[in-house]
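Chain by chain, the residues run as shown.
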Protein chains: 4
Amino acid sequence: MSSWGNGIKISVFGESHGTGIGVVIDGLPSGEKIDNEELLLQMGRRAPGKDKAATPRLEGDFPEILSGMLNGTTTGAPLCAVIRNTNTRSQDYGNILTCPRPAHADLTGYIRYSGFNDIRGGGHFSGRLTAPIVFAGAVCRQILSRRGINIAAHISSIGDIEDKRFDGTDIPTELTDRLSKAVFGLIDTKMEEPMRALIEECRMSQDSIGGTVECAVTGMPAGAGSPMFDGIENVISSIVFGIPAVKGIEFGSGFEGSRLRGSQNNDEFYYDGDTVKTRTNNHGGILGGISTGMPIIFRTAIKPTPSISRQQNTVDINEKKDTVLEIHGRHDPCIVVRAVPVIESAAAIAVINILKEVNKL
Amino acid sequence: MSSWGNGIKISVFGESHGTGIGVVIDGLPSGEKIDNEELLLQMGRRAPGKDKAATPRLEGDFPEILSGMLNGTTTGAPLCAVIRNTNTRSQDYGNILTCPRPAHADLTGYIRYSGFNDIRGGGHFSGRLTAPIVFAGAVCRQILSRRGINIAAHISSIGDIEDKRFDGTDIPTELTDRLSKAVFGLIDTKMEEPMRALIEECRMSQDSIGGTVECAVTGMPAGAGSPMFDGIENVISSIVFGIPAVKGIEFGSGFEGSRLRGSQNNDEFYYDGDTVKTRTNNHGGILGGISTGMPIIFRTAIKPTPSISRQQNTVDINEKKDTVLEIHGRHDPCIVVRAVPVIESAAAIAVINILKEVNKL
Amino acid sequence: MSSWGNGIKISVFGESHGTGIGVVIDGLPSGEKIDNEELLLQMGRRAPGKDKAATPRLEGDFPEILSGMLNGTTTGAPLCAVIRNTNTRSQDYGNILTCPRPAHADLTGYIRYSGFNDIRGGGHFSGRLTAPIVFAGAVCRQILSRRGINIAAHISSIGDIEDKRFDGTDIPTELTDRLSKAVFGLIDTKMEEPMRALIEECRMSQDSIGGTVECAVTGMPAGAGSPMFDGIENVISSIVFGIPAVKGIEFGSGFEGSRLRGSQNNDEFYYDGDTVKTRTNNHGGILGGISTGMPIIFRTAIKPTPSISRQQNTVDINEKKDTVLEIHGRHDPCIVVRAVPVIESAAAIAVINILKEVNKL
Amino acid sequence: MSSWGNGIKISVFGESHGTGIGVVIDGLPSGEKIDNEELLLQMGRRAPGKDKAATPRLEGDFPEILSGMLNGTTTGAPLCAVIRNTNTRSQDYGNILTCPRPAHADLTGYIRYSGFNDIRGGGHFSGRLTAPIVFAGAVCRQILSRRGINIAAHISSIGDIEDKRFDGTDIPTELTDRLSKAVFGLIDTKMEEPMRALIEECRMSQDSIGGTVECAVTGMPAGAGSPMFDGIENVISSIVFGIPAVKGIEFGSGFEGSRLRGSQNNDEFYYDGDTVKTRTNNHGGILGGISTGMPIIFRTAIKPTPSISRQQNTVDINEKKDTVLEIHGRHDPCIVVRAVPVIESAAAIAVINILKEVNKL
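Cut-off values and rules
- Residues numbered from 1 in each chain as written.
- Chains lettered and ligands numbered in written order.
- Predicted model: local features only at pLDDT ≥ 70, side-chain atom pairs only at ≥ 80, totals over all residues.
- Heavy atoms only, no water.
- Helix = DSSP H or I, 4+ residues; strand = E, 2+ residues; numbered from the N terminus.
- Rg over C-alpha atoms; globule rule 2.2 N^0.38 Å.
- Buried < 20%, exposed > 50% of the residue type's maximum accessible area, 1.4 Å probe, protein only.
- Contact = heavy atoms within 4.5 Å.
- Buried area = accessible area lost by both parts, 1.4 Å probe.
- Salt bridge = Lys/Arg side-chain N within 4 Å of Asp/Glu carboxyl O.
- Least-squares fit on C-alpha atoms with pLDDT ≥ 70 in both.
- Pairing = 2+ DSSP bridges.
- Axes fitted to C-alpha atoms, helices over the stretch in contact; angles between N-to-C directions.
- Polar contact = N/O pair within 3.5 Å; in protein donor to acceptor, adjacent residues only side chain to side chain.
- Phe/Tyr/Trp six-rings, centres within 6.5 Å; stacked < 30°, edge-to-face > 60°.
- Patch = residues over 30% accessible without salt bridge, like charges linked within 9 Å, V, L, I, M, F, W, Y side chains within 5 Å.
- Areas by Shrake-Rupley, 256 points an atom, 1.4 Å probe, with all protein chains shown as cover.
- Parallel < 35°, antiparallel > 145°, perpendicular 65-115°, else oblique.
- Left-handed = near helix turned anticlockwise from the far one by under 90°.
- Nonpolar A, V, L, I, M, F, W, Y, C, P; charged D, E, K, R; others polar.
- Expected span 1.5 Å × (residues − 1).
- pLDDT = per-residue confidence, 0-100.
- Disulfide = S-S within 2.5 Å.

Details of the overall build of chain A
A tally of regular secondary structure across chain A gives 9 helices and 18 strands. Against the globule reference of 21 Å for 361 residues, chain A gives a C-alpha radius of gyration of 21 Å, in line with a compact fold. Its C-alpha atoms give chain A principal-axis dimensions of about 70 × 50 × 35 Å. Counting all 361 residues of chain A, 69% fall into the buried class. Long-range pairs, those at least 24 residues apart, make up 72% of the contacts in chain A between residues at least 6 apart in sequence.

Written as structure tokens, this is what we have:
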């Protein structure tokens, strides 16, 4: 379903070309000042049209808060925010009832809901549904930031072009500050040019390209999380896979660590003053599902945008035969850029949930 | 926590050197014959001492079923199975109260539970707690197998040595049958020798090695799963990260797919008789969180065994100073081998949960 | 929290004098035609001002559906409906920050949310928040009705004046049809006059009066529900106590049954054709948490409206001293009348959840 | 299902005549000393044979703790306790496959589980399954008592014979201490004789009798609980209806309060030193689902023991015809007495859950 969480619960609703989309956030602490400019900044990072590498579709994406806030402060009651859909061109998608787009949820949504799902623009499966997630995350990260917890992600790769990785033992606030406001977030900003060139090349060849996003949570107190199924990895992955196009996640050294020896991958403890730290951070800030106090680091794999203009083979489910499809309309050749704030947001929601469970919020 | 699920709920309990470990499985369908030999076969695949590449610790690991079964058939009431702990040598772990073992949950467990956690043998964080998961999975996979759904995993890599991967469009029953009974499960059995040699080399050098496990679910009906936070990726990852040492998961082409173009990664649909299939399976059988009917494929990253005999730097939390640690006792230099049936089991439990949600069990 | 359910999840949001209130319903079956007139009819039964026994506050209460519906049919995606708040006179409630109204949630909300809760008109605790519940219930009851399951409640008492009770073994469709549309629902309509007279007397004496509501679910298939904590009683009570002013619930013979002997209270089974029925229905259609197929019957106790115009003793929490309070503004002297459709609605939501759990929807 | 809770989760398992019954308690705070004598005292209060008004079946009911405890202290990991079944006489129940006992779950369990449920002694629906609930409650109440929260219940009525009720504004510790250890708990101990006489009369006439149990939670901090569906009434009722034979629950003045006027039922606030209290306690310590700090008071209706020796009409589901049934074996003519510690236990578990949600444990 589109509801998630225990300590904090979010319920995301809406369809791409319906009346509106939004989110209810239940279980927020009361008395939290929420800065509206900061909310809009985060919404803007995800919004299409902010950046020439992104989709040409322009949206208002201005959320209206219906409840849970009074005088700019959370009341403790559920916070509902709604974004109305405007500027939708449903005719672009007129044929997908008959011909499911490859790598989209057209076919699975059709089977799951016996053909009653709203298929216009991908309906509830649309990437547009990440806007409410960013809204919810923007609220949560303000609450976390007040407690010294910061969340920042960057484009760690597009295709084969890679940004630097976080130094898991030293992530300065200047970096998290900069990244958490960036539209094209990179540690090594020199990579922007080649990455943009690759995206543009894909656009020109009627193709798309995938990438990875690396996310860090700094300031996490040690001892948060729980063993087994409520571990930090479980909680973060259970929400992050709610973001369309995410197909993989790894914490700390992850898949690379699986090639290493214990003597290479183990992070040795040492005292930094009174605090136990590790000299390396292959564990990604998590041991046994619980935070060590080191930055939490994870990377997600984002598949290439499924919508490409090239002709593709597919089926006609009415005629029950194979056919070819050309997708018209507006497509973002690389959704990795806009996925960055969405992943930060999912992390922020997850962290609030984790901290509430252990009475650390 | 150590409880998981909605349609089916499991509650895993126990500590490595306590009285016993076990699991309660709530929400099983009634009237399911459960073959006891098959249960023991699965338990045996995970049990240490079955294979010379595995740990020297010998365990009974014979589960006693306390409830939920009558005449070899599920009653529909919660099924509880208990495995008593025997042959434990707690003195091996005498020092870990003071000196947390690197890459273990000793330190985080200590902080999380204010020092009251049972630290003997890793306590509730021990790999031994995967035995109840295998038990629960062994029950679930019998129920699934009766419905034509089979689950099989293999060692896809140890260190840099790789097995072949599943052909995601064609996984014959002979292969899933063979793998789901194997102790050292490989698609290409010729890889056993070099892998064992690498493990032995690590043991001899007082070190350990990580790896990856690839898992396939065949026979999955199309249309199972739900959008966003109850997608198949979310559900599987939320349980799989409950297995100690798992640090990453990817579905279909996963991280590799993030390097591809849309035209390469998109799986084109075609009709095979009346059934819509895809010619490739980069989507891992899942689009929009929902099954396409193609095999579900995922890979997990397993970190190298944290316990190594080499001297390591750590801290003395009582003296509040840095120190060195030598871990004595019995250590499995590569837990990847025994992780295979655990990951299959987690997948089986997840799939039952997913099918129940959509009334397909 | 204000979220509820497993198979179906509802998330209710809003505050009495905020921007808007509403509900997200997640997990609805797709392809269900929803009749708009029928929705409005149900909303109208709860709306104030429909009946002279009710509150003078007039509301639009016209819900706008933002998502989850297309061409009058459910899509399977979350359905969100919003009702905007208009015609609020917040000045009436200007003093409750300082002086909590007796029997209201002013004080507890203030403590729970450290004074940040929206206290205008009761905020999130307001009876107005039952409008979204009625909306959700109105959707659910249409789905149930299509499957032969009908839900109807009536005013079983106001003060000491009692309506007849349901005959638990014979509830004709004509009765459930009539009651499920009624504004002042009674089995014995002759009781309307004395009940209205009592309500009017209370209003004139600046007082209020409580009552009970009896609800029946007919057409329930046998074998729905689960043992122990997911029994039908558990599920219904867990949502019904979400309705403000409900302070008790009993199923079947309930508290009266506790005075009886087994030989009086036991319902004997018999065959009516091929169907096992009971000759009496003291069990309220539920044994061991599971439906027998007989009508489900429960009664709820509704406390008298806490807002009365009479002067009452209370405290001034700013001055930290005792004081007296006169509540001005608009008060419904008997909320029992309008509680009837709310209780039916809660029952409808609960029944959908129960049926989904056992694959009977 | 037989699993319950969020902050704390319990999973109850077992069947009356199976191998064993028990409970897993997940989410307990660590470092809590648990007194074993106190556990056994509570188990003893529920155990049959402790009192001549109770059933002649003798049980060991000595729970074995398998996990979650070390040196008499909770570790924070799931606590599992098992009670083995002994002294079962299954032949007594030989016929219930064919002839469901009136007012039992034989028929509904049979339908729900397609005849695969363990029907011996009621299986998972047996009152014996309250033993694990008492165990879990006995652990929880020790934790609560350490925080000044005490839970005590008494037999408020058997048939028409009534005990005094709690004075909701003044419940001295001496009373809660006495009641929480009593086997035949009464406020007015003079009522024991007439109550026992009535029970004996029912036994002699091959009949049974119902009653009510009133429960108080004292020392509850103000501000615990949440609006709507996580209110204290919701949480308590959702677990209490998991106790077999409970058919009703009311908080504070409950059903009686529904007959009152607002001016009678409203509880006026006043200052007692720095603390806001109410002069009466018709609200049962709960307003808007949240605690006021006054004692929480609720009453439950317990139906008469369904098993009576008299001949009863029922059906033969194999022959598909009406028939008569005589139940042989051992029956407790009044389960109200033994229900007292079970209800206290359910309340204790609920309160832990409620306090964890608001970080007050």
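As for the interface of chain D and chain C
Contacts between the two partners involve 103 residues from chain D, matched on the other side by 103 residues from chain C. A combined buried area of about 8000 Å² lies between chain D and chain C, and 59% of that area is made up of carbon and sulfur atoms. When the buried surface of chain D facing chain C is broken down by residue, D:Phe229, D:Lys247 and D:Phe269 rank first, second and third, together holding 10% of it. Taken together, the links from chain D to chain C amount to 12 salt bridges. Across the salt bridge formed by C:Glu233 and D:Lys247, the nearest N and O atoms sit 3.0 Å from each other.

Section: the relation of the copies chain D and chain C
Laying chain D over chain C is done by rotating through 180° and shifting 0.0 Å along the axis; what remains is an RMSD of 0.0 Å. Here the copies are linked by what is in effect a two-fold axis. Taken together, the interface assignments show that 100% of the residues at the interface of chain D recur at the interface of chain C, consistent with an identical surface on both copies.

Here we look at the pattern of salt bridges
Under the definition given, this model contains 88 salt bridges over all chains. Two residues, C:Arg261 and D:Glu201, come together in a salt bridge whose shortest N-O distance is 3.0 Å. Pair noted here: C:Arg261 is in the loop between α7 (254–257) and α8 (262–265) and D:Glu201 is in helix α5 (residues 192–204), and the two residues belong to different chains. You can call C:Arg261 partly exposed: its relative accessible area is 22%. Close ionic contact of D:Arg279 with C:Asp322 constitutes a salt bridge, the shortest N to O distance being 3.9 Å. You can see D:Arg279 sitting in the loop between β13 (275–278) and β14 (286–287) and its partner C:Asp322 sitting in strand β18 (residues 321–325), one on each of two chains.

A look at the sheet that holds strand β9 (residues 161–162) of chain D
Strand order in the open sheet made by the 10 strands is β9(C)-β8(C)-β10(C)-β16(C)-β11(C)-β11(D)-β16(D)-β10(D)-β8(D)-β9(D), with antiparallel pairing throughout. Both outer strands of the open sheet, β9 (161–162) of chain C together with β9 of chain D, are each paired with one neighbouring strand and no more. Bridge count for strand β10 (residues 211–218) of chain C against strand β16 (residues 296–302) of chain C is 7 bridges, and the pairing is antiparallel. Residue pairing for β16(C): C:Ala216 is matched across the bridge by C:Ile297. Sheet strands touched by helix α9 (residues 336–357) of chain D: β8 (150–158), β10 (211–218) and β16 (296–302) of chain D. Its angle to β8(D), the strand with the most contacts, is close to 145°.

Digging into the interface of chain A and chain B
Facing the 103 residues of chain A at the interface are 103 residues of chain B. Contact between chain A and chain B buries roughly 8000 Å² in total, counting both sides, with carbon and sulfur atoms accounting for 59%. For the chain A face of the interface with chain B, the top three residues by lost area are A:Phe229, A:Lys247 and A:Phe269, together amounting to 10%. Joining chain A to chain B, the criterion identifies 12 salt bridges.

Quick notes on the side chain of C:His104
Residue placement: C:His104 occurs in the loop between β7 (79–84) and α2 (106–112). You can call C:His104 buried: its relative accessible area is 17%. At 2.7 Å, the side chain of C:His104 and the side chain of C:Ser307 are in polar contact. Leave out the neighbours within four places in its chain, and C:His104 touches C:Pro306, C:Ser307 and D:Leu287.

Quick look at unusual backbone geometry
All names here are of chain B. At serine 114, a residue that is not glycine, the phi angle is positive and equals roughly 55°. Following the sequence through the fold, serine 114 ends up in the loop between α2 (106–112) and α3 (130–145). One non-glycine residue, glutamine 206, adopts positive backbone phi at about 55°. When its relative accessible area of 41% is taken as the criterion, glutamine 206 is described as partly exposed.

Here we look at the packing of aromatic side chains
A full pass over the atoms with the stated rule returns 10 aromatic pairs over all chains. With centroids separated by 5.7 Å and ring planes inclined at 40°, the aromatic side chains of B:Phe251 and B:Phe298 adopt a geometry described as tilted. Linking B:Phe251 in strand β11 (residues 246–251) with B:Phe298 in strand β16 (residues 296–302), this pair joins segments that are 47 residues apart in sequence. Accessibility classification places B:Phe251 together with B:Phe298 in one group, the buried group. Put simply, the rings of A:Phe241, B:Phe251 and B:Phe298 pair up and form one aromatic cluster.

Here's the deal with the sheet that holds strand β7 (residues 79–84) of chain D
All names here are of chain D. The antiparallel open sheet is built from 5 strands, whose spatial order is β1-β2-β3-β7-β4. Strands at the two margins of the open sheet, each flanked by one partner only, are β1 (3–4) and β4 (64–67). Strand direction decides the pairing type here: strand β2 (residues 9–14) and strand β3 (residues 20–26), joined by 6 bridges, are antiparallel. Bridge assignment links phenylalanine 13 to a residue of β3, and that residue is glycine 22. Strands in contact with helix α3 (residues 130–145) are β2, β3, β4 and β7; relative to β3, the strand with the most contacts, it is inclined by about 35°.

Focus on a nonpolar patch on the surface
On the surface, C:Leu97, C:Tyr110 and C:Ile111 cluster together into a nonpolar patch covering about 230 Å² of accessible area. As for its placement among the helices and strands, C:Tyr110 is situated in helix α2.

Things to note about the packing of α3(B) against helix α9 (residues 336–357) of chain B
All names here are of chain B. Contact pair α3 / α9: the axes reach a minimum separation of 7 Å and the direction vectors enclose 50°. On the basis of the axis angle, α3 is oblique to α9. Where α3 crosses over α9, the handedness of that crossing is left-handed. Seen from α3, the contacting residues are Thr130, Ile133, Val134, Ala136, Gly137, Ala138, Cys140, Arg141, Ile143 and Leu144; seen from α9, they are Pro341, Val342, Glu344, Ser345, Ala346, Ala348, Ile349, Val351, Ile352 and Leu355. Here the contact of α3 with α9 is built from residues that sort into 15 nonpolar, 3 polar and 2 charged.

Notes on the pairing of strand β11 (residues 246–251) of chain C
A large share of β11(C) lies buried, amounting to 6 of its 6 residues. Across 3 bridges, the pairing between β11(C) and strand β11 (residues 246–251) of chain D is antiparallel. Within β11(D), the residue paired with C:Glu250 across the bridge is D:Gly248.

Focus: α9(D)
Residues and elements named next belong to chain D. Helix length check: α9 (22 residues) gives 31 Å between terminal C-alpha atoms against 32 Å at 1.5 Å per residue, within 8%. By the criterion of burial, α9 is predominantly enclosed, with 20 of the 22 residues buried. In the stretch just after α9, asparagine 359 is the one whose phi turns positive, near 55°.

Considering the side chain of C:Thr74
Counting through the fold element by element, C:Thr74 comes out in strand β6 (residues 73–74). Accessibility expressed as a relative area gives 1% for C:Thr74, which makes it buried. Not counting the four nearest positions on each side in its chain, C:Thr74 is found in contact with A:Phe116, C:Leu28, C:Pro29, C:Ser30, C:Gly31, C:Glu32, C:Ile34, C:Gly68 and C:Met69.

Examining the confidence of the model for chain A
Averaged over all residues, the pLDDT of chain A equals 93, while 94% of them reach at least 70. Here residues 52–58 of chain A scores under 50 on pLDDT; set against residues more than four positions off or in separate chains, the count is 29 contacts.

Thoughts on the environment of B:Glu162
Its location among the elements puts B:Glu162 in strand β9 (residues 161–162). The sequence separation of B:Glu162 and B:Thr86 amounts to 76 residues, and the corresponding C-alpha distance is 36 Å. When residues no more than four places from it in sequence are discounted, the contact partners of B:Glu162 are A:Arg259, B:Ser156, B:Ser157, B:Met191 and B:Met195.

Regarding the packing of helix α1 (residues 36–46) of chain D against α9(D)
All names here are of chain D. Two elements in contact, α1 and α9, have axes separated by 7 Å at closest approach and are oriented at 135°. Compared by their axis directions, α1 and α9 come out oblique. Each of Gln42, Arg45 and Arg46 in α1 lies in contact with α9, whose residues at this interface are Arg338, Val340, Pro341, Val342 and Glu344. Partitioned by chemical class, the residues of the contact of α1 with α9 number 3 nonpolar, 1 polar and 4 charged.

Notes on the environment of D:Asn117
Mapped onto the fold, D:Asn117 is located in the loop between α2 (106–112) and α3. Counting along the chain gives 11 residues from D:Asn117 to D:Asp106, while the straight-line C-alpha distance between them is 9.1 Å.

Topic: the state of the cysteines
Under the definition given, this model contains 0 disulfides over all chains. The closest cysteine sulfur to the non-disulfide-bonded B:Cys202 is located on B:Cys334, 7.7 Å from its own sulfur. With a relative accessible area of 0%, B:Cys202 lands in the buried category. Counting only cysteine sulfurs, A:Cys80 is the nearest neighbor of C:Cys80, a cysteine outside any disulfide, at a range of 5.3 Å.

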